[in-house]
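Okay, here's what each chain looks like letter by letter:
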Amino acid sequence: MLDDAVDAFLDFVTERALDEPLLAMLRAEGFTHVHLTHGSQEFGKDAVARRDGEQWVFQSKAGNIGQPQWRALLGQLEELRLSDYAGPEFDPELKRRPVLVTTGRMVGNAPLLAAEYNRRARTRGEPELEIWARDRLLSGLSSNPDAVLRGSIDGALLTTLGAIDRNDISMDDIEIFARRWDSFPAEQLVGLGVVEASLVAERLARANRLDLACHLGLCFVRAAWANDRTEDAALLAADAGGSLFETFARQLWSECDYRLLSKRGMIGFAISASEGFSAWATYSVRCIRLTELLGLLGLRVAGREPELADEIAAYLARFISAQPGTTHPVGDRFAVSLIPAAILLGPRKPAAAKRLLTKTTVWLCDRYERDRFGLSASNLTPRAEIDRVFGDMFEHVHIKKRQASQLAAILLDVAALLRYRKLYGDIWNDLEAVRLSTMVLRCRDDADQYSLTAAGNRWEINPNYPEELCGRKGLTIGHHREAGDDRQLVRLGRPWDLLATSSALRDRHFIGALREFL
């Protein structure tokens, strides 16, 4: 069954989605100095590694390679075999072993052309090209006793893949599945864990759940830091999770066009054969999750692709204006969804950021007026969320009103961080008018901050929020000082990983990490 799952994965995986599984396979096979070099300065090398005193270099392609594809590859193959330029892990003094990796097979005249290519290389005393085709990848990932996926013997992977095929998978299911990686030793996490995550994410993408594929990448980043692994091992795993998220977030971004900016565009987008009438309830969830994931993508690439970050921010500004669902979270589970979009928009599209905060505050306070039930806590089910949002219209629904909100705290925090003095005061007064308390999860700077069930985490009700902002920078809030900025990941220059943790767990946010993006 594992072989079938990997075989199906190789049928659909894109070149970039293959990167991390390939690196994991190389590590499992005893390669060292494994490094992804794909980019503007790769010089034909998607990855490099060393083994037995030789420098291996890899170029990966998706699908079968026939004569047209072979001819199109020749320039890259020459650089792969002969260029001495690559990343810092590349040693040009070692004997070169170039490899073309393909998820398909060599078809048509391509095998003959490859053989002729290597004959000419031998004549000139140049490195010959090895070809790792589909069967080699299938063997390396699952088919032989030492393969990466042979460690996945407890059935959790196959159970999750089956749930995706049945269209019976949720954000909570993904988070629970991802907890298994917390206990993986470092080598197993960057081997078995990466391949498991890639298989599940690709299956989610094929099931039209790019949102959950992205979420799985976020959960992997969280899992990278959730154990007492060495810093180097955690960084390696976190990079793999971030790369997985980015791969599928870019796919999601590619689907965002003018159609989703029409008044009814997202409503139509939300309706599928499996949802039917329930699409009226999922509309706002889809809107909010899209803004969250695009915001996370924009913040992740802002340092190296500022133009893309600006483009995403411009689209989000239009999307928020066009879709009222972006400001109607159905529960505190989606409170953290507000953060990435608002932080991305703040320096680039401040009017859109203010609109997002203002409209969300109006929606939140409306849920707490008169006899309404408020919003559900972040750890409750979708059924509980729907009951609280819509149940006050029905006499048979009896729920005790909830007077504290995580979303209320996030609205104040983001307004303060963006230095919106007047808006902060308006939000504070509106919350006071409906007697709504704020609540914040306090996490120490240790493994507990990456765990949903850690005993060391505690909820604080009504932390210190002043009625108005004071000070030149508008950030002198006692609650912010108490939250602590000096976290390990902030010191390491990894604030995005804390954002990923927030989105994976849904019940916490980290003030110091947010400040790093402003």
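Conventions used here
Residues numbered from 1 in each chain as written. Predicted model: local features only at pLDDT ≥ 70, side-chain atom pairs only at ≥ 80, totals over all residues. Heavy atoms only, no water. Helix = DSSP H or I, 4+ residues; strand = E, 2+ residues; numbered from the N terminus. Expected span 1.5 Å × (residues − 1). Contact = heavy atoms within 4.5 Å. 1 Å grid on protein atoms, 1.4 Å probe; cavity = no way out; pocket = protein on both sides within 12 Å on 5 of 7 lines; lining within 4 Å. Points joined across faces, edges and corners; volume = space filled by probe spheres on them. Buried < 20%, exposed > 50% of the residue type's maximum accessible area, 1.4 Å probe, protein only. Core = buried A, V, L, I, M, F, W, Y, C linked by side-chain atoms within 4.5 Å. Pairing = 2+ DSSP bridges. Axes fitted to C-alpha atoms, helices over the stretch in contact; angles between N-to-C directions. Right-handed = clockwise from strand over helix to strand, strands pointing away. Phe/Tyr/Trp six-rings, centres within 6.5 Å; stacked < 30°, edge-to-face > 60°. Lys NZ or Arg CZ within 6 Å of the ring centre and 35° of its normal.

**Things to note about helix 3 (residues 67-82)**
Alright, step 1. Taking 1.5 Å as the rise per residue, helix 3 with 16 residues should run 22 Å; its terminal C-alpha atoms sit 22 Å apart, in good agreement.
Alright, step 2. The secondary structure elements touched by the buried residues of helix 3 are strand 3 (54-61), strand 4 (95-102) and helix 4 (110-123).

**A few points about empty space enclosed by the protein**
Rolled over the atoms, a probe with the dimensions of a water molecule shows which regions are left empty.
Alright, step 1. Inspection of the entire model under this criterion finds three cavities of 30 Å³ or more.
Alright, step 2. When its volume is computed, the largest cavity comes out at roughly 70 Å³.
Alright, step 3. Taken together, Ile288, Thr291, Thr326, Pro329, Phe334, Ser337, Leu338, Ala341, Leu356 and Thr360 make up the lining of the largest cavity.
Alright, step 4. Secondary structure elements with two or more residues in the lining of the largest cavity: helix 12 (279-301), helix 14 (338-348) and helix 15 (350-367).

**Side note on the side chain of Thr438**
Alright, step 1. Its place among the elements puts Thr438 in strand 7 (residues 437-442).
Alright, step 2. For Thr438, a relative accessible area of 5% translates into the label buried.
Alright, step 3. If near-sequence neighbours (up to four positions away) are discounted, Thr438 is found in contact with Ser405, Ala408, Ala409, Leu412, Leu431, Glu460, Ile461, Asn462, Pro463 and Tyr465.

**A short note on unusual backbone geometry**
Most of the time, phi is negative for any residue but glycine, and the peptide bond is trans.
Alright, step 1. Residues other than glycine seldom take positive phi values, yet Asn167 does so here, at roughly 60°.
Alright, step 2. By relative accessible area, Asn167 is classed as partly exposed at 43%.
Alright, step 3. Despite not being glycine, Arg506 has its phi angle at roughly 75°, a positive value.
Alright, step 4. Judged by its relative accessible area of 4%, Arg506 is buried.

**Here we look at the nonpolar core**
Alright, step 1. Among the nonpolar cores identified, the biggest contains 148 residues, and Phe58 and Trp181 are the most heavily contacted of them.
Alright, step 2. Those residues in contact with Phe58 that sit more than four places away from it in its chain are Leu26, Phe31, Gly44, Lys45, Asp46, Ala47, Ala49, Leu80, Val99, Val101 and Trp132.
Alright, step 3. Core analysis: the second largest hydrophobic core is formed by 14 residues, Val57, Met106, Tyr117 and Leu129 among them.

**Digging into the sheet that holds strand 2 (residues 47-51)**
Alright, step 1. Pairing in this open sheet of five strands is mixed, and the strands run 1-2-3-4-5 from one edge to the other. Two strands in the sheet have a free side with no partner beyond their single neighbour: strand 1 (32-36) and strand 5 (130-132). For this sheet, the mean inter-axis angle between neighbouring strands, taken without regard to orientation, is 25°.
Alright, step 2. Relative to strand 2, strand 1 runs antiparallel, the two being bridged by three bridges. Bridged to Leu36 within strand 2 is Ala47.
Alright, step 3. The strands that helix 3 touches are strand 3 and strand 4; relative to strand 4, the one it contacts most, it runs at about 150°.

**Description of the pairing of strand 4**
Alright, step 1. Taking burial as the measure, the eight residues of strand 4 include six buried ones, the bulk of the element.
Alright, step 2. Of the pairings in the sheet, the one linking strand 3 to strand 4 comprises eight bridges and is parallel in character. Each residue of the ladder has a partner; that of Trp56, found in strand 4, is Arg97.
Alright, step 3. Running through helix 3, the crossover from strand 3 to the neighbouring parallel element strand 4 is right-handed.
Alright, step 4. For the crossover from strand 4 across helix 4 to strand 5, the handedness is right-handed.

**A word on helix 14**
Each α-helix winds once per 3.6 residues, and so residues spaced three or four apart point in a common direction.
Alright, step 1. A large share of helix 14 lies buried, amounting to nine of its 11 residues.
Alright, step 2. Of the positions making up helix 14, those classed as buried are Leu338, Ile339, Pro340, Ala341, Ala342, Ile343, Leu344, Leu345 and Gly346.

**Some remarks on the packing of aromatic side chains**
How two aromatic rings sit relative to each other is given by the distance of their centres and the angle of their planes.
Alright, step 1. Per the counting criterion, the structure on display carries 11 aromatic pairs.
Alright, step 2. What links up through ring pairs into an aromatic cluster is the set Phe31, Trp56, Phe58 and Trp132.
Alright, step 3. Geometry around Trp56 places Arg51 over its ring, the cationic atom sitting 5.4 Å from the centre.
Alright, step 4. Above the ring of Trp132, the side-chain terminus of Arg136 is found at 4.0 Å from the ring centroid.

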